[in-house]
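Overview (structure and organization)
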Amino acid sequence: MTLPIFPPGFLWGASASAFQTEGAVDADGKGPSGWDAFAALPGRIKDGTDTTRGTGFHARYREDVALLAGLGADAFRFSVSWPRVVPGGSGAVNADGLDFYDRLVDELCAHGVTPAPTLYHWDTPLPLEEAGGWLDRDTAYRFAEYAGIVAERLADRVPMWITINEPAEVTLLGYALGEHAPGRTLLFDALPAAHHQLLAHGLAVRALRAAGADNIGAAFSHAPVWTAGDSDEDRFGAELYDTLTNWLFADPVLTGRYPDENLAALMPGPVADDLKVISTPLDWYGINYYNPTLVGAPRPEALETFSGYTMPPELPFGIREIEGYEKTGFGWPVVPEGLTEILTTLHTRFGDRLPPLYITENGCALEEPHADDRRIAYLESHLTALRAAMDAGVDVRGYFTWSLTDNVEWIEGASQRFGLVHIDYETLARTPKASYAWYRDLIRAQRTRSAQ
Ligand SMILES: O=C(O)[C@H](O)[C@@H](O)[C@H](O)[C@H](O)CO
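Predicted, not measured: the structure shown is a model, and the values here were computed from it.

**Comments concerning the pairing of strand 13 (residues 357-361)**
The buried count for strand 13 comes to five of five residues, which makes it a mostly enclosed element. Where strand 8 (residues 285-288) meets strand 13, four bridges bridge the pair, whose relative direction is parallel. Bridge pairing links I287 to I359 in strand 13. The sheet contact formed by strand 13 and strand 14 (residues 396-402) spans three bridges and is parallel. Opposite L357, over in strand 14, you have V396 as the bridge partner. This β-α-β element, strand 13 to helix 14 (residues 373-391) to strand 14, shows right-handed connectivity.

**A closer look at the packing of helix 3 (residues 57-71) against helix 5 (residues 95-110)**
Running from N to C, helix 3 and helix 5 point in directions that differ by 15°, and their axes come no closer than 10 Å. By the criterion of interaxial angle, the relationship of helix 3 to helix 5 is roughly parallel. Regarding helix 3 and helix 5, the two cross each other, and that crossing is right-handed. Each of F57, H58, Y61, R62, V65 and L68 in helix 3 lies in contact with helix 5, whose residues at this interface are F100, R103, L104, E107 and L108.

**Regarding the nonpolar core**
Ranked by internal contacts, the top residues of the largest apolar core, which has 142 residues, are F143, W161, L343 and L386. For this core, the element with the highest residue contribution is helix 9 (residues 191-210), accounting for 11 residues. In contact with L386, not counting residues within four places along its chain, are F6, F10, L339, L343, I359, V396 and Y399. With nine residues, the next largest nonpolar core counts A75, M160, I162 and F400 among its residues.

**A few points about the site of the ligand**
Within the structure, the ligand sits among 13 residues, and Q20, E166, Y290, E361 and E409 are positioned closest to it. Contact distances for the ligand include 2.8 Å between an oxygen atom and a side-chain N or O atom of Q20. A total of 310 Å² of accessible area belongs to the ligand in isolation, and the protein chains cover 95% of it. Residues of the shell around the ligand, tallied by class, amount to six nonpolar, four polar and three charged.

Calculation notes
- Counting restarts for each chain, with residues numbered from 1 along the sequence as it is written.
- Restriction of local features to residues with pLDDT of at least 70 applies here, the model being predicted, together with a cutoff of 80 or more for giving and counting side-chain atom pairs; totals for whole chains, interfaces and linings are based on all residues.
- Heavy atoms throughout the structure, all of them, feed into the side-chain values; hydrogens and water do not.
- Accessible area is worked out with a 1.4 Å probe on protein chains only. A residue is then buried under 20% of its type maximum, exposed over 50%, and partly exposed in between.
- Counting from the N terminus, the helices are DSSP H or I runs at least four residues long and the strands are E runs at least two residues long.
- For two strands to count as paired, DSSP must find a minimum of two bridges between them.
- If the strands point away from the viewer and the path from the first strand over the helix to the second runs clockwise, then the crossover is right-handed.
- In this description, a line fitted to the C-alpha atoms serves as the axis of each element, helices being fitted only across the stretch in contact, and the angle between N-to-C directions of two axes falls anywhere from 0 to 180 degrees.
- When an angle is under 35 degrees it counts as roughly parallel; over 145 it counts as roughly antiparallel; between 65 and 115 it counts as roughly perpendicular; any other value is oblique.
- For any helix crossing, the convention is left-handed if the near helix is rotated counterclockwise from the far helix by under a right angle, and right-handed if that rotation is clockwise.
- By the convention used here, residues are in contact when the closest approach between their heavy atoms is within 4.5 Å.
- As used in this record, nonpolar core signifies buried Ala, Val, Leu, Ile, Met, Phe, Trp, Tyr and Cys residues forming a set joined through side-chain atoms within 4.5 Å.
- Only a single heavy atom is needed: when it lies within 4 Å of a molecule or strand, its residue is near that molecule or strand.
- Side-chain atoms alone can form a polar contact between residues adjacent in sequence; in general such a contact is a pair of N or O atoms within 3.5 Å, and within protein one must be able to donate a hydrogen while the other accepts it.
- In this description, accessible areas are obtained by the Shrake-Rupley approach with a 1.4 Å probe, and a residue is regarded as covered only by the protein chains that are shown.
- Put simply, Ala, Val, Leu, Ile, Met, Phe, Trp, Tyr, Cys and Pro go in the nonpolar bin, Asp, Glu, Lys and Arg in the charged bin, and everything else, Gly too, in the polar bin.

In structure tokens, the structure reads:
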């Protein structure tokens, strides 16, 4: 299959995050995160992986930077660990922690790879989590403080910034369903966590700019929600799920309004003033795409799961298995056209309010340790779907695959492997998979062809 040509200057990259890779959880003054504490609880990590080792990135980052250079990657989206820089969540700054990111940024720049740090990829400093985490408005202000500190140090060399990653997942899995840290099962009482993450995002955009940083975006999980069945209850369930996972986050950031007055009424604090901060204009908007979700009326009789998570029967919607599509090792349906659909939906919904886009995550988990042809086929089909959206007028400027190396897939531990590079969790040795060579050759070919 010949891949379409992407425009000259289209950015090719890979993504990862601190908790999933760094390890060294208490090295050089790092404080514990909510995820460190959650992962240490018996049975929370399904396969019993010791998440404190990650992939050893904190010690072996030079190897991974060399792998990125070997790929010919334009950029690397990593995350800065808030508790490594501000162990208490506020107050004293950990100089050794900041020094680590200084070294990492220098190493990337020395290899011609643009550093694109995410400031929050789910690892809330434990003292803040214990004080309420994202249910507490104060956490938003502490986040902006931390963002300013990191920008003061790195903005002279970092030309692309990401404030937060997937507030929808944190709200849904961490505060509503209790599947992720901090394990709260608040259902709709989790909504303040959504509002405070959005407020943190807006405050951080302003703090970054005040510290001289620019080219700022954020990474949101977005996917089409398909309606299962044609009853009014089915449509209601699907619309509600679509609003809660897509528009509850995109609308306030891009339009300064919540998608629904009833939802806005459930949000804490001076919402109207907060929305002015939340909708501080962005330079770009990031999308993490994996697969659509099929949603209908709740079916209490049918134990419904979402990505392996059990949905409480009292929820006014039910998630159905998507049949008829190939599945990844994680059981996720492979639906490249879903990427075209969500991009054109965003384009239609926001028009010129939508800044240029980047795909900040897309990829699949597969068992194959080396000959991962299915991953190559996955990337090929999704890049083709991406190009189709661009042909339809959607302004996409780059693509970051998830993930450079295998890493700790949250509660799935080491069992779900998303990397272009295999990690031996005994030795932490890195071994490029077939997809690594494929992505390298793709980037090289794209540069040659787009230059012609
Ligand atoms: O999207 C997410 O959930 C996170 O951003 C990543 O940290 C995941 O590891 C990846 O997406 C695979 O699930």
